[in-house]
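Topology and contacts: notes
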2 protein chains.
Amino acid sequence: MNRQTETSEKKLTRRDVLKMAGIGGIGLLVGAGGMKTFFPQPTQAEPSASAAASKGDYIPFYGKNQAGIITPMQDFISMAAFNLTTSSLADVRKLFQSWTLASARMTAGQPVDDEIENPHLPPVDTGESIGLAPMKLTITFGLGASFFDDRFGLKSKKPAPLVDMPRFNSDEINPDWSEGDIVVQVCADDPQVAFHAMRNLARIARGKAVLHWMQEGFQRTASADPSGSTPRNLLGFKDGTNNPIASEPKLADEIVWANSAESPSWMTGGTYMAMRRIRMRIEVWDRSSLEDQEATFGRHRHSGAPIGKSGEFDDLELGRKDSTGKPLIAPNSHVALAHMDGKVKILRRSYSYSNGMDVKTGQINAGLLFICFNRDPRKQFIPMQQKLASADRLNEYITHVGSGLYACLPGAREGGYIGDTLF
Amino acid sequence: MNRQTETSEKKLTRRDVLKMAGIGGIGLLVGAGGMKTFFPQPTQAEPSASAAASKGDYIPFYGKNQAGIITPMQDFISMAAFNLTTSSLADVRKLFQSWTLASARMTAGQPVDDEIENPHLPPVDTGESIGLAPMKLTITFGLGASFFDDRFGLKSKKPAPLVDMPRFNSDEINPDWSEGDIVVQVCADDPQVAFHAMRNLARIARGKAVLHWMQEGFQRTASADPSGSTPRNLLGFKDGTNNPIASEPKLADEIVWANSAESPSWMTGGTYMAMRRIRMRIEVWDRSSLEDQEATFGRHRHSGAPIGKSGEFDDLELGRKDSTGKPLIAPNSHVALAHMDGKVKILRRSYSYSNGMDVKTGQINAGLLFICFNRDPRKQFIPMQQKLASADRLNEYITHVGSGLYACLPGAREGGYIGDTLF
């Protein structure tokens, strides 16, 4: 160990470690430890005092990729699309610069900017997260196809994989819950921290962009299931058993991250997000037999195991037949169709939602805010959804009511900003 | 120690302790420990295996009072009103009997009933909380004034304090979000556990009652603020600083629990709940100066201290004046009006809500699901709200859009059911 390293290590405080984690870190590394060298640098995002209480609580905003993609799912989501009201690219640039600085601070548990104690001005931060820990807050930005129209002179830069989302069989898409120039996905282990972030981003956008839609979601919290087993959707079934393990970087390169084979170079480190708001007819589902429900998913409800097997992670073996020669897992079951011969994979990152009662029907207005990331939706999400839309037994119980496809920008380095490879 | 007690104590397992806590226990006692004798009895509600992992996780359903009233606030709420579609009192009785059994089981982390593994029938429980801990689930039932109309022959039993909620100055009440024959308040430290409970109660009601309205809410989770300081509302201010300490039983008797002076004997152990859905104009609020915001509440934003003081819990001293003779705390500030000369108190138990974007205005549809409990709303909540509605500076930023007043029934003993003192 040379003298310089020694000195640096001596000075290392918990706060420094947190600062360090913000430098070029990616969400994936949080909590993994094992940082070996130390290069102190100024940073715009030092975690707050409360953050320091729990290192694992803080996910760095800056990095090669945006956080909130291969980051393990947090408990809550607040998601919104914005439409730009400006037609100036300089304004868009300013918006993303402000959003970047605010996001880096908020993810570190700080207010959106240093509070200037001028009582004659509105507070810089809306305040409802004062004193709260960062709670693994991540903020992820993407651009819809409409962003690449005539307004900003960026038509030629539109990535080929960012197609218009096709209308699928049995879609009942409400345009009020779909698309948008910009998507913002806020995730955190606390609903007030997530709300605070989205609200302040909307506030910062004033004069440049307005909300187009917004939807909150949840999963069972980690403390309700300390074993960390696969969460269940609101139909009572485990959801995400076959999700590719995103912590294997090679798999993420193959499935998630934009590749120069299909995407322009400004998308290096980015990915594509498909969003579907899927309303579940839970009252109808609740009246169907357990047998029907299990045949619909192709899995046993309690264990999550493929029909006829006992372990959740047992191989599907779609070819197996019962004594009468009928396939054990129906070819039109959800799991059989989504399997896509094992060749097409996406990274799912979905949340349940409940919007109270649907005044029109008197039923509970709940379902799934389906989110997935993929390298090229033309070859991954879209063909998979085409297959599901045409035959999935689950379609009797669900309706797709919102839809969007977005190019999620690469991560930003400190001093840069989200979108700086494009704008 | 006599022989019998000794034997009993020898047999005492953690499961037994949990069972015991269900016998005549009240929410208040959870986690307080100190149980000294042991009378093993059969119980319908044994906590699930996952519950056993964390004793403090489980709040007994049975008791003199319903839980969820003086119980310390959980992180999430799912609240709904139901309207009865039957006009048979026998049906109402059956409904409350079924709801009682299901509630006792769910609050213990169990499915609504023992799962009968008949694949040809719908599952008894909808399944999305399988494997989840009880997460301090409480379920609290109340009756609206409309319950005491001509349908069930109970007109003469209507408690005098259960008046029709008056319309207050500047109210913009939507009947779709107000009143209802029955109110159900579900609270838990997990949103999926709360959703599951409400959904299964709605399912059990089928053929007897339908949903009238439903609203979910949250506060900052306990893990985001391990110090347990007063939570902040979505205007960024601490909310509940002056809430009476409900864990002092004497105070609860005075403020919360129905008294024979005003209430019929069947309400002994019950209370009255006032519900107000309060929409916050957060975009307007966010444009007002810090000075205005603080003058509106009568408190400093960061500390929560009364204007001119430094500690959140410092005395209000409404008489103090600045050097020009102007009161430091404006007489029309929220805190000055709600103070009611220190003579009128209620037990607040409110949650924030966010319902995404308001499609009509493009603004965030968020606010406060105000809930309070009081012994006689004619002398507590209603005069307080009249005072606030007429002058509160906060009215510039909020609108009351939903309203309800309910008689919360006494608790049930094991073998009995919620409402058995009335039906």
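Remember, predicted model here, so these are calculated numbers, not experimental data.

Rules used in this analysis
Residues numbered from 1 in each chain as written. Chains lettered and ligands numbered in written order. Predicted model: local features only at pLDDT ≥ 70, side-chain atom pairs only at ≥ 80, totals over all residues. Heavy atoms only, no water. Helix = DSSP H or I, 4+ residues; strand = E, 2+ residues; numbered from the N terminus. Buried < 20%, exposed > 50% of the residue type's maximum accessible area, 1.4 Å probe, protein only. Areas by Shrake-Rupley, 256 points an atom, 1.4 Å probe, with all protein chains shown as cover. Axes fitted to C-alpha atoms, helices over the stretch in contact; angles between N-to-C directions. Parallel < 35°, antiparallel > 145°, perpendicular 65-115°, else oblique. Left-handed = near helix turned anticlockwise from the far one by under 90°. Contact = heavy atoms within 4.5 Å. Nonpolar A, V, L, I, M, F, W, Y, C, P; charged D, E, K, R; others polar. Arc of directions from axis to C-beta. Least-squares fit on C-alpha atoms with pLDDT ≥ 70 in both. Salt bridge = Lys/Arg side-chain N within 4 Å of Asp/Glu carboxyl O. Disulfide = S-S within 2.5 Å. Phe/Tyr/Trp six-rings, centres within 6.5 Å; stacked < 30°, edge-to-face > 60°. Buried area = accessible area lost by both parts, 1.4 Å probe. Polar contact = N/O pair within 3.5 Å; in protein donor to acceptor, adjacent residues only side chain to side chain. Core = buried A, V, L, I, M, F, W, Y, C linked by side-chain atoms within 4.5 Å. Pairing = 2+ DSSP bridges. pLDDT = per-residue confidence, 0-100.

For chain A, the count of helices and strands is 10 helices and nine strands. By residue count, 58% of the 423 residues in chain A fall in the buried class. Surface exposure of chain A reaches about 17100 Å², of which carbon and sulfur atoms provide 52%.

All names here are of chain B. Following both chains from N to C, one finds helix H4 (residues 89-107) and helix H5 (residues 191-204) inclined at 155°, their axes separated by 10 Å at the closest point. As far as their axial angle goes, H5 and H4 are roughly antiparallel. The interaxial crossing formed by H4 with H5 has right-handed handedness. Taken together, the residues of H5 that come into contact with H4 (itself represented by Leu 95, Ser 98, Trp 99, Ala 102, Ser 103 and Met 106) are His 196, Ala 197, Asn 200, Leu 201 and Ile 204. For the contact of H4 with H5, the residue count by class is seven nonpolar, four polar and no charged.

Moving on, we get to helix H8 (residues 290-297) of chain B. Residues and elements named next belong to chain B. Every buried residue belonging to H8 is among Leu 290, Gln 293, Glu 294, Thr 296 and Phe 297, and all of these are buried. Within H8, the buried residues cover an arc of 155° as seen down the axis, which keeps them to one side. Looking at the buried positions of H8, the neighbouring elements they touch are helix H7 (282-285) and helix H9 (334-339). The positive-phi residue at the C-terminal boundary of H8 is Gly 298, with phi of around 80°.

Note on the chain copies: they are related by a rotation about an axis and a translation along it. The two copies are related by a screw operation: chain A maps onto chain B through 180° of rotation and 0.0 Å of translation along the axis, at an RMSD of 0.0 Å. Both copies are brought into coincidence by an operation consistent with a two-fold rotation axis. Using C-alpha coordinates, one finds that chain A approaches the rotation axis most closely at Asn355(A), a distance of 3.4 Å. By residue overlap, the copies meet face to face through one surface: 100% of the interface positions of chain A are interface positions in chain B.

What follows concerns the pattern of salt bridges. Residue and element names in this part refer to chain B. Per the counting criterion, the structure on display carries 33 salt bridges over all chains. Of the charged contacts, one joins Arg 151 and Asp 181 as a salt bridge, the two residues approaching to 2.9 Å between their closest N and O atoms. A residue pair is termed long-range when its members are at least 10 positions apart, and Arg 151 in the loop between strand E2 (138-144) and strand E3 (182-188) and Asp 181 in the loop between E2 and E3 qualify at 30 residues. On the accessibility criterion, Asp 181 (4% relative accessible area) is buried. Here Glu 262 and Arg 375 are joined by a salt bridge, their closest N and O atoms 2.8 Å apart. In this pair, Glu 262 sits in the loop between helix H6 (249-255) and strand E5 (271-280) while Arg 375 sits in the loop between strand E8 (364-374) and helix H10 (381-391), placing the two residues 113 residues apart along the sequence. Comparing Glu 262 with Arg 375, the two get one shared label, buried.

Bringing the state of the cysteines into the picture now. All names here are of chain A. Applying the stated criterion across every chain, the model contains zero disulfides over all chains. Its sulfur unpaired, Cys 187 is 11 Å from the next cysteine sulfur, which belongs to Cys 408. Cys 408 forms no disulfide, and the closest cysteine sulfur to it belongs to Cys 372, at a distance of 10 Å.

Residue and element names in this part refer to chain A. What the rule picks out here adds up to 35 aromatic pairs over all chains. Considering the side-chain rings of Phe 147 and Phe 423, the 5.8 Å spacing of their centres and the 50° angle between planes classify their relative orientation as tilted. With a gap of 276 residues between them, Phe 147 in the loop between strand E2 (138-144) and strand E3 (182-188) and Phe 423 in the segment after strand E9 (398-408) connect regions that are remote in the sequence. Residues Phe 147 and Phe 423 agree in their burial class; the two are buried. Seen in terms of ring centroids, Phe 237 and Phe 297 are 4.4 Å apart; in terms of plane orientation they differ by 15°. Their pairing is stacked.

Turning next to the environment of Val124(A). Relative to the assigned elements, Val124(A) resides in the loop between helix H4 (89-107) and E2. As a C-alpha pair, Val124(A) and Ala389(A) span 265 residues in sequence and 46 Å in three-dimensional space.

Turning our attention to the interface of chain A and chain B. Listed by partner, the interface residues are 63 residues for chain A and 63 residues for chain B. Around 5200 Å² of area is buried between chain A and chain B when both sides are counted, 59% of it from carbon and sulfur atoms. Where chain A meets chain B, there are two salt bridges. Here Arg199(A) and Asp286(B) are joined by a salt bridge, their closest N and O atoms 2.9 Å apart. The tally of links between chain A and chain B comes to 30 residue pairs in polar contact (both at pLDDT 80 or more).

Ranked by internal contacts, the top residues of the largest apolar core, which has 172 residues, are Phe82(A), Phe96(A), Phe82(B) and Phe96(B). Filtering out sequence-adjacent residues up to four positions away, Phe96(A) remains in contact with Phe141(A), Leu143(A), Ile182(A), Leu409(A), Tyr417(A), Ile418(A) and Phe423(A).

This part covers the environment of Met273(B). Residues and elements named next belong to chain B. Along the chain, Met 273 falls in strand E5. Met 273 gets classed as buried once you look at its relative accessible area, which sits at 0%. For the pair formed by Met 273 and Arg 349, sequence separation is 76 residues and the distance between their alpha carbons is 9.8 Å.

By the burial criterion, the buried members of H10(B) are Phe381(B), Ile382(B), Met384(B), Gln385(B), Leu388(B) and Ala389(B). The arc that holds every buried residue of H10(B), seen down its axis, measures 160°, which confines them to one face.

This brings us to unusual backbone geometry. Residue and element names in this part refer to chain B. Phi at Lys 136 takes a positive value of approximately 55°, unusual for a residue other than glycine. Mapped onto the elements of the fold, Lys 136 is located in the loop between H4 and E2. Overall, the relative accessible area of 32% leaves Lys 136 in the partly exposed class.

Moving on, we get to the pairing of E3(A). Residue and element names in this part refer to chain A. Of all the seven residues making up E3, seven are buried; the element is thus mostly covered by neighbouring parts of the structure. Here E3 shows two buried faces, one formed by Ile 182, Val 184, Val 186 and Ala 188 and the other by Val 183, Gln 185 and Cys 187. Pairing geometry for strand E1 (residues 76-84) and E3, over seven bridges, is antiparallel. Bridging from a neighbouring strand, Phe 82 pairs with Ile 182 of E3. Pairing geometry for E2 and E3, over six bridges, is antiparallel. Paired with Thr 138 across the two strands is Cys 187, which belongs to E3.

Let's shift gears to the confidence of the model for chain A. Residues and elements named next belong to chain A. Taken over all residues, the pLDDT of chain A has a mean of 87, while the share at 70 or more is 86%. Predicted confidence for residues 1-46 stays below pLDDT 50, and this span has 62 contacts to residues more than four positions away or in other chains. Predicted confidence is poor over residues 49-53, with pLDDT under 50, and the contacts of this stretch with residues over four places away or in other chains come to seven contacts. Scored by ipTM, the complex comes to 0.88, with pTM at 0.88.

Right, let's get into the environment of Asp181(B). Residue and element names in this part refer to chain B. When the C-alpha positions of Asp 181 and Ser 146 are compared, they lie 5.4 Å apart, and in sequence the two are 35 residues distant. Leave out the neighbours within four places in its chain, and Asp 181 touches Phe 82, Asn 83, Leu 84, Gly 142, Leu 143, Gly 144, Ser 146, Phe 147 and Arg 151. A polar contact is formed between the side chain of Asp 181 and the side chain of Ser 146, at a distance of 2.6 Å.

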